[in-house]
Amino acid sequence: MKMEKINGSESDKKAGKRYGENSGNPVIIAGPCSAESPEQMLEAANAMKLGGNVDYFRAGLWKPRTSPDSFQGVGAGGLKWLREVKQETGMKVATEVGCEKHALEALKYDIDLLWIGARTVSNPFVVQEIAEALRGVDIPVLVKNPLNPDLELWYGAIARFMKLGIKEVGAIHRGFSLWGKSIYRNPPIWKIQRSLQERLPGILMVCDPSHIAGKRSLVPLVSRKAMEEGANGLMIEVHPDPANAMSDAPQQLNPSSFYDMIRDMDLERSLSAADEDPLIDELTSEMDQVDELLVHTIASRMELSRQIARMKNSDRLRDLQPANLEKALERLHGLASEDGLRPDFVHRLFDEIQRESCHVQSSCPGVFNK
Ligand code: PEP
Ligand code: MN
């Protein structure tokens, strides 16, 4: 991949265009979640050469897993497999580094792009150490968002690399670890992605739909949405045999679904405004997903009402309800108008939710009929 694909060609820059934004070709980073064996790496890389316009082949060597009993990655031993991929296929290669030692080892093996994982980004000491180890290098370093939705922490980690003279610093939006049920493994927050792009105009913004979605069926949908939201790259987990992958099996695509997805996205980009039917279908299906999320969210709220009802006596509950509604509406009106919702709609919606909540509470055994 040409360097200009990261930062935009000189003519694009002169024309004030940000590379890849909706119209240009996105930077594509694809490959398995984890390196597992030299054979699996070559099989995956050869498949990535065949289709999907891949710019960088990815594979994780040091895996930051939640449980100590899960596969922890092959470690530094996989660096020579990545080098082999580079030599055999001519592709550029990328991996995650989680500490200074990983970064120094990766540099010894001529890795072409490094990324910093979501768990690492939350620790400024470690980020600073990695940035020092990479001082002045001219390979791209991409910084994932931290697990929690903290724009300042994400921005701060990126700034540490920029301050030390790393020339190509980009960001990866991989969604956030949020409380509550969701159709996503790590729900995306497009507003945070946009805010980071506003603070760092022209930054390469890669979206990682695999870690956002958590399941392969959702990956194409999230990828399209990411491009609409102004991402100019995608990092996608692709495995030759996803069902038997040693990590993140449910979210990895097989090579042929990956090619199909990239081909469909290319087609969509070239669709004329008069030929929008496939996009309308996609949007409708995204709306269905949001509707499911709404139902889960309302159900969680009713469960909270039930728990409160079990803890309070009936007189206290009667007193609490109108006051709660007033306070909630005040807070929510502000939020809603920021998001372009009409205040009277928000009022009607929460009136209805509150009515149902009263019903749920009064049907709890022992409440209002003591
Ligand atoms: C990964 O890219 O495989 C990974 C571990 O990602 P994250 O840091 O986003 O969880
Ligand atoms: Mn993964």
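Structure: see above.
Note that the structure is a prediction, hence the values are computed from the model and not measured.

**A short note on unusual backbone geometry**
Point 1. We note that D110 has phi near 55 degrees; this positive angle belongs to a residue other than glycine.
Point 2. Mapped onto the elements of the fold, D110 is located in the loop between α5 (100–108) and β4 (113–116).
Point 3. The residue D248 is not glycine, and still its phi comes out positive at about 50 degrees.
Point 4. Mapped onto the elements of the fold, D248 is located in the loop between β8 (233–237) and α12 (255–270).
Point 5. A relative accessible area of 14% means that D248 is categorised as buried.

**Here's the deal with the pairing of strand β6 (residues 169–173)**
Point 1. With 5 of 5 residues buried, β6 lies mostly within the body of the structure.
Point 2. With burial as the criterion, each face of β6 is covered, one bearing V169, A171 and H173 and the other bearing G170 and I172.
Point 3. After leaving strand β5 (residues 141–144), the chain enters helix α8 (residues 151–163) and then returns to the sheet as β6, a path that is right-handed.
Point 4. Direction of pairing for β6 relative to strand β7 (residues 205–207): parallel, over a ladder of 3 bridges. From the neighbouring strand, I172 faces β7, where its bridge partner is V206.
Point 5. Note that the unit made of β6, helix α9 (residues 190–199) and β7 has a crossover that is right-handed.

**Description of the layout of surface pockets**
Point 1. By volume, the largest pocket is sized at about 1700 Å³.
Point 2. Contributing to the lining of the largest pocket are 36 residues, with L293, L294, T297, L335 and D339 lying nearest its centre.
Point 3. Going through the elements one at a time, α9, α11 (219–228), α13 (277–311), α14 (314–338) and α15 (343–362) are the ones with two or more residues in the lining of the largest pocket.
Point 4. Considering every element that reaches the lining of the largest pocket, the biggest residue donor is α13, with 10 residues.
Point 5. Looking at the lining of the largest pocket residue by residue, the classes come out as 25 nonpolar, 5 polar and 6 charged.
Point 6. Residue-level mapping places the lining of the largest pocket at the junction of two domains, with at least three residues from each of domain 1 (10–268) and domain 2 (275–363).

**Some remarks on the coordination of the manganese ion (ligand 2)**
Point 1. The coordination sphere of the manganese ion (ligand 2), as far as protein atoms go, consists of C33 (SG), H211 (NE2), E237 (OE) and D248 (OD), spread over 2.1 to 2.4 Å.
Point 2. Counting the intervening residues between successive donors of the manganese ion (ligand 2) yields the motif C-x177-H-x25-E-x10-D. Of the two residues, C33 sits in the loop between β1 (27–31) and α3 (38–50) while H211 sits in helix α10 (residues 209–213), which places them 178 residues apart along the sequence. The same class applies to C33 and to H211, which are both buried.

**A short note on a nonpolar patch on the surface**
Point 1. On the surface, L341, F345 and L349 cluster together to form a nonpolar patch covering roughly 230 Å² of accessible area.
Point 2. Its place among the elements puts F345 in helix α15.
Point 3. For F345, a relative accessible area of 35% translates into the label partly exposed.

**Describing the packing of aromatic side chains**
Point 1. Evaluation of the coordinates by the stated rule reveals 1 aromatic pair.
Point 2. Ring geometry for F258 versus Y259: centroids 6.4 Å apart, planes at 55 degrees, classification tilted.
Point 3. With relative accessibility at 0%, the residue F258 sits in the buried group.
Point 4. By relative accessible area, which is 23% here, Y259 ends up partly exposed.
Point 5. Sitting above the plane of the Y155 ring, R199 keeps its charged end 4.0 Å from the centroid.

The rules behind each value
Residues numbered from 1 in each chain as written. Chains lettered and ligands numbered in written order. Predicted model: local features only at pLDDT ≥ 70, side-chain atom pairs only at ≥ 80, totals over all residues. Heavy atoms only, no water. Helix = DSSP H or I, 4+ residues; strand = E, 2+ residues; numbered from the N terminus. Buried < 20%, exposed > 50% of the residue type's maximum accessible area, 1.4 Å probe, protein only. Right-handed = clockwise from strand over helix to strand, strands pointing away. Pairing = 2+ DSSP bridges. 1 Å grid on protein atoms, 1.4 Å probe; cavity = no way out; pocket = protein on both sides within 12 Å on 5 of 7 lines; lining within 4 Å. Points joined across faces, edges and corners; volume = space filled by probe spheres on them. Nonpolar A, V, L, I, M, F, W, Y, C, P; charged D, E, K, R; others polar. Domains from an automatic or database assignment. Donors = N, O, S within 2.8 Å, 3.2 Å for Na, K, Ca; no water. Patch = residues over 30% accessible without salt bridge, like charges linked within 9 Å, V, L, I, M, F, W, Y side chains within 5 Å. Areas by Shrake-Rupley, 256 points an atom, 1.4 Å probe, with all protein chains shown as cover. Salt bridge = Lys/Arg side-chain N within 4 Å of Asp/Glu carboxyl O. Phe/Tyr/Trp six-rings, centres within 6.5 Å; stacked < 30°, edge-to-face > 60°. Lys NZ or Arg CZ within 6 Å of the ring centre and 35° of its normal.

Just geometry here; none of it tells us what the structure is for.
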